[in-house]
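Chain by chain, the residues run as shown.
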Amino acid sequence: MGEFVHEEIPSTELDRLEATYRPLADAVRDLLDATIRTTVPEEQVRAAQAEIEALVARLRAEQLPGPAGVRFNSEARAWNWGNAVVGLRNAVAPPLRIVHESAGHAWAEVELGAPYEGPPGLVHGGVSAMLLDHLMGETASAAFTRVTFTGTLTMTYRRGTPLGPLRLEARIDREEGRKVWVVASIGDADGVTVEAEGVFIVPAWAAGEAARG
Ligand SMILES: CCCCCCCCCCCC(=O)SCCNC(=O)CCNC(=O)[C@H](O)C(C)(C)COP(=O)(O)OP(=O)(O)OC[C@H]1O[C@@H](n2cnc3c(N)ncnc32)[C@H](O)[C@@H]1OP(=O)(O)O
């Protein structure tokens, strides 16, 4: 497995770093969209590619040896900048901004564009599952008071989910020992498009005091 790393960066410094990296990732998200949708002449495409390759070389001059992992400091701040769903520095992530309404109830609003397309004009079913999986996992963690991993995830696609503004919602349904059942949905302005039910498990290796009883 990857890493949960204790790294003692003060939260004020993290805020400063995030203010630097967030616009970088936003620019790369825009690049993803532009790469899909551009209709400029081919020589322009080739020129853009050369500039992008030069930028990649500049960024790679110093880099981590592997993925970003999950890091935390002693001020109870955790950051997972590379996460596929919420990663602030991951241009593949929308990123989802999750609101924990209470321990066991969370939601997010997001606008999905061209990079998330499956059927024409509709969100890819795997993307819906990915976003819900993460939202449900955070919900099962009861506002980050325990670690939970997806055990089983069941998706029901009621109708196509249009690209554009969407709302995701998740709640803990019930718990039994280390097992947490979570129900969730995605919806557009006309109502629910996708429903999900999942069993999230506090792994045996992580079953400390917060997870017992
Ligand atoms: C603070 C930071 C927060 C951070 C919060 C961040 C949220 C991130 C959200 C991302 C969510 C993900 O994608 S997580 C990544 C995708 N998921 C994974 O990679 C998980 C891979 N699988 C595993 O690591 C493991 O198999 C576990 C953890 C699922 C279970 O291992 P274990 O802990 O050894 O389980 P074990 O003792 O055998 O079983 C415990 C109980 O769970 C049941 N059980 C076991 N596996 C499953 C299963 N797949 N589906 C259903 N039920 C299962 C057993 O029957 C048993 O029930 P009984 O006999 O007690 O009744």
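Fair warning: this is a prediction, and the values are worked out from it, not measured in the lab.

(A) Focus on the nonpolar core. Within the largest apolar cluster, 28 residues are counted, with the highest numbers of intra-cluster contacts made by Leu96, Leu112, Leu132, Met136 and Leu168. Elements with a contribution of two residues or more to this core: β5 (105–112), α3 (125–140), β7 (164–176), β8 (179–188) and β9 (191–201). In terms of residues, this core owes the most to one element, α3, which gives seven residues. Within the second largest apolar cluster, six residues are counted, among which are Ile9, Leu17, Trp81 and Leu88.

(B) Inspection of the UniProt feature "domain: Thioesterase" (unreviewed entry) in the protein chain at higher detail. Mapped onto the present numbering, the UniProt feature "domain: Thioesterase" (unreviewed entry) falls at residues 121–191. Span residues 121–191 is 23% helix and 46% strand, its end C-alpha atoms 17 Å apart.

(C) Local environment of the sheet that holds β5. Strand order in the open sheet made by the six strands is β4-β5-β7-β8-β9-β6, with antiparallel pairing throughout. What marks the edges here is a single partner per strand, and that holds for β4 (99–102) and β6 (149–157). On average, each strand axis in the sheet is tilted by 20° relative to the strand beside it, whichever way the strands run. Pairing of β7 with β8, which is carried by nine bridges, proceeds in the antiparallel orientation. Pairing of Leu168 across the sheet is with Ile186, part of β8. Packing of α3 onto the sheet brings it into contact with β4, β5, β6, β7, β8 and β9, and relative to β6 it is tilted by some 135°.

(D) Inspection of the site of the ligand at higher detail. The environment of the ligand is formed by 15 residues, the closest being Asp133, Thr152, Arg178, Lys179 and Ala204. Contact between the ligand and Asp133: an oxygen atom at 2.7 Å from a side-chain N or O atom of the residue. Here Arg178 contributes a side-chain N or O atom positioned 2.7 Å from an oxygen atom of the ligand. Protein contacts shield 52% of the accessible area of the ligand, which totals 1300 Å² for the unbound molecule. Only α3 and β6 provide two or more residues apiece to the shell around the ligand.

(E) Molecular detail of a nonpolar patch on the surface. Taken together, the side chains of Leu24, Val28, Leu31, Leu32, Ile52, Val56, Leu59 and Val92 present a nonpolar region at the surface, about 590 Å² in accessible area. Secondary-structure elements contributing two or more residues to the nonpolar patch are α1 (11–37) and α2 (42–60). Ranked by residue count, the leading element in the nonpolar patch is α1, at four residues. Tracing the backbone through its elements, the reader meets Leu59 in helix α2.

(F) Molecular detail of unusual backbone geometry. Cis geometry is adopted by the peptide bond preceding Pro95, which originates at Pro94 and carries an omega value of -15°. Relative to the elements of secondary structure, Pro95 occurs in the loop between β3 (78–79) and β4. You will see that Ala76, though not glycine, has its phi angle at about 65°, which is positive. Note on placement: Ala76 falls in the loop between β2 (70–72) and β3. Taking relative accessible area as the criterion, Ala76 reaches 76% and is therefore assigned exposed. Phi is positive for Ala142, which is not a glycine, with a value near 50°. Residue position: Ala142 is located in the loop between α3 and β6. Classification of Ala142 as buried rests on a relative accessible area of 12%.

The rules behind each value
Residues numbered from 1 in each chain as written. Predicted model: local features only at pLDDT ≥ 70, side-chain atom pairs only at ≥ 80, totals over all residues. Heavy atoms only, no water. Core = buried A, V, L, I, M, F, W, Y, C linked by side-chain atoms within 4.5 Å. Buried < 20%, exposed > 50% of the residue type's maximum accessible area, 1.4 Å probe, protein only. Helix = DSSP H or I, 4+ residues; strand = E, 2+ residues; numbered from the N terminus. UniProt positions renumbered as here; feature names shortened; annotations may be inferred. Pairing = 2+ DSSP bridges. Axes fitted to C-alpha atoms, helices over the stretch in contact; angles between N-to-C directions. Contact = heavy atoms within 4.5 Å. Near = heavy atom within 4 Å. Polar contact = N/O pair within 3.5 Å; in protein donor to acceptor, adjacent residues only side chain to side chain. Areas by Shrake-Rupley, 256 points an atom, 1.4 Å probe, with all protein chains shown as cover. Patch = residues over 30% accessible without salt bridge, like charges linked within 9 Å, V, L, I, M, F, W, Y side chains within 5 Å. Salt bridge = Lys/Arg side-chain N within 4 Å of Asp/Glu carboxyl O.

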